[in-house]
Amino acid sequence: MAKKPYYITTAIAYASGKPHIGNTYEIVLADAIARYKRFVGYDVRFQTGTDEHGQKIETKAFESLSTPKEFVDEKAGEIKRIWDLMNTSYDKFIRTTDADHEKQIQKIFKKLYDQGDIYKGEYEGMYCTPCESFWTPGQLKDGKCPDCGRDVHPAKEEAYFFRMSKYAPRLIEYIEKHPEFIQPESRKNEMVNTFLKPGLQDLCVSRTSFKWGIPVDFDPKHVVYVWIDALSNYITGLGYDADGNHSELFKKYWPADLHLIGKDILRFHTIYWPIMLMALDLPLPKQVFGHPWLIQSDGKMSKSRGNVLYADDMVDLFGVDAVRYFVLHEMPYENDGVISWELLIERINSDLANTLGNLVNRTISMVNKYSGGFVNNAGVTEDVDADLKDSIRAYRIHVNECMEKLKCADALTEIFNIFRRLNKYIDETMPWVLGKDESRKDRLETVLYNLVEGITIGASLLASFLPDTADKIVAQLCTEKRKVTELGTFGLYPSGNRVTETPEILFARIDTEKMLDEIAVRFPSKEPEIPKSEKQVVPEKVEPDRVEAVVKEEISIEEFEKMQLQVGQILSCEEVPKSKKLLCSQVQIEGRVLQIVSGIKSYYSPEDMVGKKVVVSSLRACCSVPRMPRADSHCLRPIAPMYRPDP
């Protein structure tokens, strides 16, 4: 039986500079989805690439004393190097300077012109050269470009325009009939009510003010602008031909199952691109997902401030899979995620080194110590074994449910729930006690077998997210990753198999202070988000001898209105000695660090709280649940996207 095709794409990165970690997140997310789809049986086509034309690149090339082609060759090579460094399994890396792409763009432009969807006109307004965008006076912000804040100047330019309004009613009807088309669904209303229903203006699709672009073959003083050039990569990369002589790849994989893009370019992919496809009489992609951003907790990430984080720097310090884990785990489905050196280190220590690495290491060590390295299923079971198997089965199902909804962070949490349950199983069965009683040797062997089997299942699920780590785990267990059809059966690990004699440390625990000092030395312009000078002003930790609950009267609505609510980020958290309920957190709010004690110990561990958001009032503090929606705050600003700005 033939596998069902699945076509996934990322946005193509603008080849104007090195991609930072926020840009890199998208390719890692797409890779995790592509790998998981292959794992569950799809025939996956995964495409990414670079957008390489435009005035900004023409200008930067001139400033660097190189030709535009030499400039984009270097930048595209750097982008591809980062994508490869992150172990992403794309099938096609398209460049908009590829000859076959350029040829098809000219043919697409001519086809749309011949059928009356493109016409020649004139563009006039205030022009921002860095953004390559025209603005009306009413769109300017303090007389500056509303996107980049730079100066604008009056400009008038002959241009070709695409008749957007012609297809708007048809697109509105399509979106309303296909609720899955725009994801997260919360963004659908914005696209329809803000942009479509008020009426679409015709879209400028050519330029004469610069030369670095694909020439309009029937009017060579014009070059094709980004909308047709860049967006069409999704079909030209498959072998689309405007004359109808499509490749077998195009016939097999189009329409795309998923366009994975940043939320800032959602409008281009859910309005401009679908209308172009309608004009070309092609089916629309099945789903467009606008993912959130990684944000810095200390303010805007910018090269001028020197606080930009790059994937290769992070990989050099922590390894590929540690960085993959962080960006995948810390990005909620709809809301922005927070990145910092401290939070990355905390995740490595708590999740990777402790929950996963320690589990694998001590399991293999116990097999070698108590069974000579051999894993035997003696079949001596107890009730706790059934609970372990039921838990693993449930978590496995939850992983698939999460991935069906593109909730990769939640899927990773479910996988690590398997490892947490196995750690708990060790505490429940206490192999070190069983090992002292020769009469319970068969029970001990059964326990060790269950641990090895559970780790194998967990590693098989983990492979889509941390592929190298999964390979290392099964190699140490001297087995292979399971197929998806095998995960429903507990007990497939060959009884009598032998594990490695010396387990490899998957993730070494990091000394936070030493690592932060090393980061400050190695990357002086990339210091941790919370300077040490601020840490030194943190009040002394509260260590109450006794905690008493005091019941107070409800406040009135007038009193409530006096409260000021602010969003902060938890930098560190620990238990309050001699208390069964309290956790003590250090919370950053607008440059200040406050110490807040809250009675949530029965619900969260200190490790779970680090990096989470909390809502703090002037009267009391109340902790949020993990991944609460991000509130707007000037200390939480988005990383600038690596794609063309909104004109």
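Refer to the structure printed above.
Rules of the game
- Residues numbered from 1 in each chain as written.
- Predicted model: local features only at pLDDT ≥ 70, side-chain atom pairs only at ≥ 80, totals over all residues.
- Heavy atoms only, no water.
- Pairing = 2+ DSSP bridges.
- Helix = DSSP H or I, 4+ residues; strand = E, 2+ residues; numbered from the N terminus.
- Axes fitted to C-alpha atoms, helices over the stretch in contact; angles between N-to-C directions.
- Parallel < 35°, antiparallel > 145°, perpendicular 65-115°, else oblique.
- Left-handed = near helix turned anticlockwise from the far one by under 90°.
- Contact = heavy atoms within 4.5 Å.
- Nonpolar A, V, L, I, M, F, W, Y, C, P; charged D, E, K, R; others polar.
- Buried < 20%, exposed > 50% of the residue type's maximum accessible area, 1.4 Å probe, protein only.

Description of the sheet that holds strand E11 (residues 214-215)
The pairing of strands in a sheet happens through backbone hydrogen bonds and is either parallel or antiparallel. Across the sheet, three strands lie side by side as E10-E12-E11; this open sheet has antiparallel pairing. One side of each edge strand has no neighbouring strand; the edge strands of this open sheet are strand E10 (206-207) and E11. As paired elements, E10 and strand E12 (residues 223-224) share two bridges and run antiparallel to each other. In the sheet register, Ser 206 faces E12, and the bridge partner there is Val 224.

Brief notes about the environment of Glu 518
Inspection of the secondary structure puts Glu 518 in helix H19 (residues 512-522). Residues Glu 518 and Leu 317, spaced 201 residues apart in sequence, show a C-alpha to C-alpha distance of 9.6 Å.

Some points on the packing of helix H1 (residues 21-39) against helix H14 (residues 383-404)
The N-to-C vectors of H1 and H14 enclose an angle of 125°; their axes lie 11 Å apart at closest approach. Overall, the two elements H1 and H14 adopt an arrangement that is oblique. By crossing handedness, the relation of H1 to H14 is classed as left-handed. Note on element contacts: H14 touches H1 through Val 399, Asn 400, Met 403 and Glu 404, opposite Ala 32, Ile 33, Tyr 36 and Lys 37. Among the residues forming the contact of H1 with H14, the class breakdown is five nonpolar, one polar and two charged.

Brief notes about the pairing of strand E3 (residues 43-51)
In terms of residue burial, E3 counts as a mostly covered element, since eight of its nine residues are buried. In this structure, strand E1 (residues 5-10) lies alongside E3, joined through five bridges in parallel fashion. Each residue of the ladder has a partner; that of Tyr 7, found in E3, is Arg 45. Judged from the two bridges that link them, strand E2 (residues 13-14) and E3 form a sheet pairing that is parallel. Opposite Tyr 14, over in E3, you have Asp 51 as the bridge partner. Where E3 and strand E4 (residues 92-95) come together, four bridges link them in parallel fashion. What sits directly across from Thr 50, in E4, is Arg 95.

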